[in-house]
Amino acid sequence: MSLSQMASTLKLDWGIPDSLIEIALEAEEQSRSFEAKCDFVAGKNFLKVLRGFESAGAANAHLTGSHGYGYFDAGREALDHLYAAVFGGEDALVRSQFVSGTHVLRTALFGLLRPGDHLLVLPAAPYDTLLAVFGLRPAAGSLNEWGVKVSTSDIHGFLEDGFQWPDPLKAVFIQRSKGYRWQDSISIEQLSQAIKKVKSRSAATVVVVDNCYGEFVEEQEPPEVGADLTAGSLLKNPGGGICPTGGYLVGKRALVEQAAAALTAPGLGKEVGPTLGVTRNFFHGLFLAPGFVGEALKTAQFGSALFKRLGYSVLPGSPEKRTDIIQAIELESREAVLAFARGIQSAGPLDSSAVPVGAPMAGYSDPIVMAGGTFIQGGSLELSCDAPLRPPYVVYVQGGLSSLHGKLGYLLAAKALQESAPPAKRIHSVSTKYK
Ligand SMILES: *Cc1c(COP(=O)(O)O)cnc(C)c1O
């Protein structure tokens, strides 16, 4: 489905002005070869996932789930086997008891680290909620409070020859996706270089990767380039837009076991945890995930091309740099961010008439505006946008289970910006500037 086939409906039913449709068609045309690449990578990853189902011996009987303590849950065990096979780890821990991505990462780190250990974190400005986990922002129960020393570096500084290693160093934590920061995300190629650098200095240093938003974007996953422990959220890519909650960890068997002890209790580890009927969603979500990630990537690239044509700074600005499903757009004012969020919200299947506003959120130091109208609360493989209300006023857009829906969301966001007061100055200049 392309926008050109839908142009008259977009004009009549959604009130998208001709001038915007014209620019959108150019943006879509420009993204054509990237869209073909998305289909290719989605196909490769889909086949990899399907082989994983075979190797895990996934069966209809596994979909039922357990209750109580969840002992002897064969479906849960098959699911762990499936994730380990797909991501290339020895073992995995896929659980609905993980309440968020932050919780999975916190569990991985507390399983691994002991008081006095030193952790190096890349990049220097990690994800907002992780600042509290590390103790880089004071918070009760942080790693810092637990006696772990944390230092940070950006990836470029780390890869340079003269990098000053903290010594001794227990582990390196690498966040792939940019988070709410105007910085490049870390590609699998860069991740591979960073892991080689860590391991050539000391094979015993553990590499933990925050894979949030990176799953199935490239043809390889972090464990395939040497990460020891990799984690992510099922409200993002691998949940396939239908997992109602949960997170996963995959990697070396001993590290997964330590994390399981931190999630449940030492001695209990992976053996407990009722699945309560979500197993079917977990299997089904992973089966769907590669295709939906492909749709989200087409959405993101369209948004990048469209807003670049409209005169805005976008990150990434070129398809070659894409290693996650996040598209950042700098809007420069609070009013513009709110207008953009209204546009995305108005495209949502649910609550399309809601008006997003900024509000304080647990784990974040600035008020955040979130827009989406998603089926899963906060589900972000679904079309959604988030923005911390702080300069330089950047929106972070992600998801799109259908790229047609994603593209419509961007068009409604652009329209809302045009209709909001002064920041629309750039848009008026577009037809002369970009033809
Ligand atoms: C989303 C995200 C997380 C975890 O976030 P939750 O909202 O707790 O699921 C961690 N790191 C990055 C880079 C993320 O994008």
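As the structure is a computational prediction, the values presented were derived from the model and not from experiment. (Residues numbered from 1 in each chain as written. Predicted model: local features only at pLDDT ≥ 70, side-chain atom pairs only at ≥ 80, totals over all residues. Heavy atoms only, no water.)

### What about the packing of aromatic side chains?
Each aromatic ring pair is described using two quantities: the centre-to-centre distance and the angle formed by the ring planes.
Then step 1. For the structure shown, the criterion picks out 23 aromatic pairs.
Then step 2. Ring centres of Tyr83 and Phe87 lie 5.6 Å apart, and the angle between their planes is 10°; this geometry places the pair in the stacked category. Within this pair, Tyr83 and its partner Phe87 are both found in helix H4 (residues 74-87), separated by 4 residues, close to a single helical turn. There is no split in this pair, since Tyr83 and Phe87 are both buried.
Then step 3. A centroid spacing of 4.9 Å and a plane angle of 70° characterise the contact between Phe158 and Phe163, whose relative ring orientation is edge-to-face.
Then step 4. We classify Phe163 as buried; its relative accessible area is 14%.
Then step 5. The structure contains a cluster of three or more aromatic residues connected by ring pairs, namely Phe302, Phe307, Tyr312, Phe340 and Tyr410.
Then step 6. When the ring centre of Phe110 is taken as reference, the NZ or CZ atom of Arg106 above it lies at 4.1 Å.
Then step 7. The ring of Phe158 has Lys197 sitting right over it, with the charged end atom 5.5 Å from the ring centre. (Phe/Tyr/Trp six-rings, centres within 6.5 Å; stacked < 30°, edge-to-face > 60°. Helix = DSSP H or I, 4+ residues; strand = E, 2+ residues; numbered from the N terminus. Buried < 20%, exposed > 50% of the residue type's maximum accessible area, 1.4 Å probe, protein only. Lys NZ or Arg CZ within 6 Å of the ring centre and 35° of its normal.)

### Considering the site of the ligand
Then step 1. Around the ligand, the neighbouring residues are Ser100, Gly101, Thr102, Leu105, Tyr127, Gln175, Ser177, Asp210, Cys212, Tyr213 and Lys236.
Then step 2. Here an oxygen atom of the ligand and a side-chain polar atom of Ser100 are 3.3 Å apart.
Then step 3. In this structure, Gly101 approaches the ligand through a main-chain N or O atom, which is 2.8 Å from an oxygen atom.
Then step 4. Against a free-state accessible area of 380 Å², the protein chains account for coverage of 89% of the ligand.
Then step 5. Counting residues per element, the shell around the ligand draws most heavily on helix H5 (residues 101-112), which supplies 3 residues.
Then step 6. Classifying every residue of the shell around the ligand by side-chain character gives 4 nonpolar, 5 polar and 2 charged. (Near = heavy atom within 4 Å. Polar contact = N/O pair within 3.5 Å; in protein donor to acceptor, adjacent residues only side chain to side chain. Areas by Shrake-Rupley, 256 points an atom, 1.4 Å probe, with all protein chains shown as cover. Nonpolar A, V, L, I, M, F, W, Y, C, P; charged D, E, K, R; others polar.)

### Overview of the sheet that holds strand S11 (residues 384-388)
Then step 1. The strand order across the open sheet formed by 5 strands is S8-S9-S12-S11-S10, and the pairing between neighbours is antiparallel. The sheet is open, and its two edges are formed by strand S8 (313-315) and strand S10 (368-371), each paired on a single side. Pairs of neighbouring strands in the sheet enclose a mean axial angle of 20°, with direction left out of account.
Then step 2. As paired elements, S10 and S11 share 4 bridges and run antiparallel to each other. The residue of S11 that forms the bridge with Ile368 is Pro388.
Then step 3. Its contacts with the sheet place helix H11 (residues 334-346) against strand S9 (327-330), S10, S11 and strand S12 (394-398), and it is angled at close to 25° to S10. (Pairing = 2+ DSSP bridges. Axes fitted to C-alpha atoms, helices over the stretch in contact; angles between N-to-C directions. Contact = heavy atoms within 4.5 Å.)

### Looking at helix H9 (residues 253-263)
Then step 1. Listed in full, the buried residues belonging to H9 are Leu255, Val256, Ala259, Ala260 and Leu263. End-on view of H9: buried residues confined to an arc of 140°, all on one side of the axis. (Arc of directions from axis to C-beta.)

### Here we look at the sheet that holds strand S6 (residues 229-233)
Then step 1. Spatially, 7 strands are ordered S1-S7-S6-S5-S4-S2-S3 in an open sheet, and the strand pairing comes out mixed. Each end of this open sheet is capped by a strand with a single partner; those strands are strand S1 (91-95) and strand S3 (149-152). Averaged over all pairs of adjacent strands, the angle between strand axes in this sheet comes to 15°, irrespective of strand direction.
Then step 2. Pairing between S1 and strand S7 (residues 247-251): 5 bridges, direction antiparallel. Within S7, the position partnered with Val94 by the bridge is Tyr248.
Then step 3. Against the sheet, helix H8 (residues 188-201) touches strand S4 (171-175) and strand S5 (206-210), its axis set at about 160° to S5.

### Things to note about the nonpolar core
Then step 1. Judged by nonpolar contacts, the single largest core of 69 residues is most densely connected at Tyr83, Leu119, Phe134, Phe173 and Leu249.
Then step 2. In contact with Leu249, not counting residues within four places along its chain, are Asp91, Ala92, Leu93, Phe98, Val104, Ala108, Leu229, Thr230, Ala231 and Ala259.
Then step 3. Core analysis: the next-biggest nonpolar cluster, separate from the first, contains 43 residues, Val337, Ala371, Leu411 and Ala414 among them. (Core = buried A, V, L, I, M, F, W, Y, C linked by side-chain atoms within 4.5 Å.)

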